[in-house]
Amino acid sequence: MTTANTATPNVDPAEIEKFNAMASRWWDPTGDFKPLHEVNPLRVQFIDQYGQGLAGKKVLDVGCGGGLLSEAMARAGAEVTGIDMSPEALGVARLHALESELTIDYQQITAEAFAAEHAGQYDIVTCLEMLEHVPTPASVIRACALLAKPGGKIIFSTLNRTLKAKVLGVYLAEYVLRWLPKGTHDATKFIRPSELIHDADQAGLQAKAMTGIHYNPLTSGFFLSDRNVDVNYILACEKPNE
């Protein structure tokens, strides 16, 4: 059985401070998190499809931030727990869930520490746009694998470590279009699909489906397509039945 290392917290303090500073703007659909607002329905669609339905499922959202994905999954009928290490973002998430009359269990804890207490309890584990913000992504992947039930689904999304992703995901998004605050991403921390699949395999997971998240400048909208995974991509994995 795969175990998660909880001896040293897998946290970058600078990353936590970055998201603490942006927390109050999390639910502004025209603000710092505009791309997340626009892509969120696509992410939920993918999770619902490869998670074999969200309704009635016990779901863990790792790196939940201000709760955009957590709330969408709760609205789809899931029983949702969200974990994050940004206290400011969690405060915003709790307040917004209260205002939205949604019951979501938000906790400030690392994936590794949470896995040590809740192994094998979740039908679906999501970890979206989070792996590129921690020192050791493989450790989070192992924790997600441990948290899922046998037969459970684990969904990851991140950015590919390519020149195209650096140009579009950093320079264009942060400095030209100003979709995100400058310094949100460090392109050296992006993760190639082969690396993510390798780490998932090492954690005992089976990769099932992968697709790219693309932006169409003509329609000013995002869409999913497996034509390439050069920039943002999302991966569905499954934990084998024991």
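Everything discussed here concerns the structure shown above.
Residues numbered from 1 in each chain as written. Predicted model: local features only at pLDDT ≥ 70, side-chain atom pairs only at ≥ 80, totals over all residues. Heavy atoms only, no water.

A few points about the sheet that holds strand 7 (residues 221-225)
Sheet strands line up and pair through hydrogen bonds in the backbone, either parallel or antiparallel. Judged by pairing direction, the sheet is mixed, and its 8 strands sit side by side in the order 3-2-1-4-5-8-6-7 without closing on themselves. A single partner strand is all that each edge strand has here, and the edge strands are strand 3 (105-108) and strand 7. Averaged over all pairs of adjacent strands, the angle between their axes in this sheet comes to 20°, without regard to strand direction. Along the sheet, helix 5 (residues 111-118) makes contact with strand 1 (58-62), strand 2 (79-84), strand 3 and strand 4 (122-128), crossing strand 2 at roughly 135°. Those strands touched by helix 8 (residues 193-202) are strand 5 (148-159), strand 6 (206-216) and strand 8 (232-238), and its axis lies near 20° from that of strand 8. (Pairing = 2+ DSSP bridges. Helix = DSSP H or I, 4+ residues; strand = E, 2+ residues; numbered from the N terminus. Axes fitted to C-alpha atoms, helices over the stretch in contact; angles between N-to-C directions. Contact = heavy atoms within 4.5 Å.)

Let's talk about the packing of helix 2 (residues 34-50) against helix 3 (residues 68-75)
Where helix 2 contacts helix 3, the two axes come as close as 10 Å, and the packing angle between them is 45°. The angle between the axes of helix 2 and helix 3 places the two elements in the oblique class. Helix 2 and helix 3 meet at a crossing whose hand is right-handed. Across the interface between the two elements, Leu36, His37, Asn40, Arg43, Val44 and Ile47 from helix 2 touch Leu68, Leu69, Ala72 and Met73 from helix 3. By residue class, the composition of the contact of helix 2 with helix 3 is 7 nonpolar, 2 polar and 1 charged. (Parallel < 35°, antiparallel > 145°, perpendicular 65-115°, else oblique. Left-handed = near helix turned anticlockwise from the far one by under 90°. Nonpolar A, V, L, I, M, F, W, Y, C, P; charged D, E, K, R; others polar.)

Remarks on the pattern of salt bridges
Side chains bearing opposite charge may pair, as long as their charged atoms lie close to each other. Under the defined criterion, the tally for this structure stands at 7 salt bridges. One salt bridge connects Asp12 with Lys189, and the closest N-O pair in it is separated by 3.3 Å. Note that Asp12 is positioned in the segment before helix 1 (13-22) and Lys189 in the loop between helix 7 (163-176) and helix 8, a separation of 177 residues in sequence. The partner of Lys149 in a salt bridge is Asp123, and the shortest N-O contact between them spans 3.1 Å. Highlighted residues: Lys149 in strand 5 and Asp123 in strand 4, separated in sequence by 26 residues. The structure contains a network of salt bridges with shared partners spanning Asp12, Glu15 and Lys189. (Salt bridge = Lys/Arg side-chain N within 4 Å of Asp/Glu carboxyl O.)

Observations regarding the packing of aromatic side chains
This structure, assessed with the given rule, holds 5 aromatic pairs. Between Phe46 and Tyr50 the ring centres are 4.6 Å apart and the planes differ by 45°, which places this aromatic pair in the tilted class. Of this pair, Phe46 and Tyr50 both sit in helix 2, separated by 4 residues, roughly a single helical turn. Residue classification places Tyr50 among the partly exposed positions, given a relative accessible area of 31%. An aromatic cluster of at least three residues, connected via ring pairs, comprises Phe19, Trp26 and Phe33. Positioned over the ring face of Tyr122 is Lys58, at 5.2 Å from the centre of the ring. (Phe/Tyr/Trp six-rings, centres within 6.5 Å; stacked < 30°, edge-to-face > 60°. Buried < 20%, exposed > 50% of the residue type's maximum accessible area, 1.4 Å probe, protein only. Lys NZ or Arg CZ within 6 Å of the ring centre and 35° of its normal.)

Topic: the pairing of strand 6
Here strand 6 runs beside strand 8; their pairing, made up of 7 bridges, is antiparallel. Among the inter-strand pairings, Ile213 is bridged to a residue of strand 8, identified as Asn232. Alignment of strand 6 against strand 7, held across 5 bridges, turns out to be antiparallel. Among the inter-strand pairings, Asn216 is bridged to a residue of strand 7, identified as Gly221. Hairpin connection between strand 6 and strand 7: a loop of 4 residues separates the two successive antiparallel strands, and Ser220 in this loop has a positive phi of roughly 55°.

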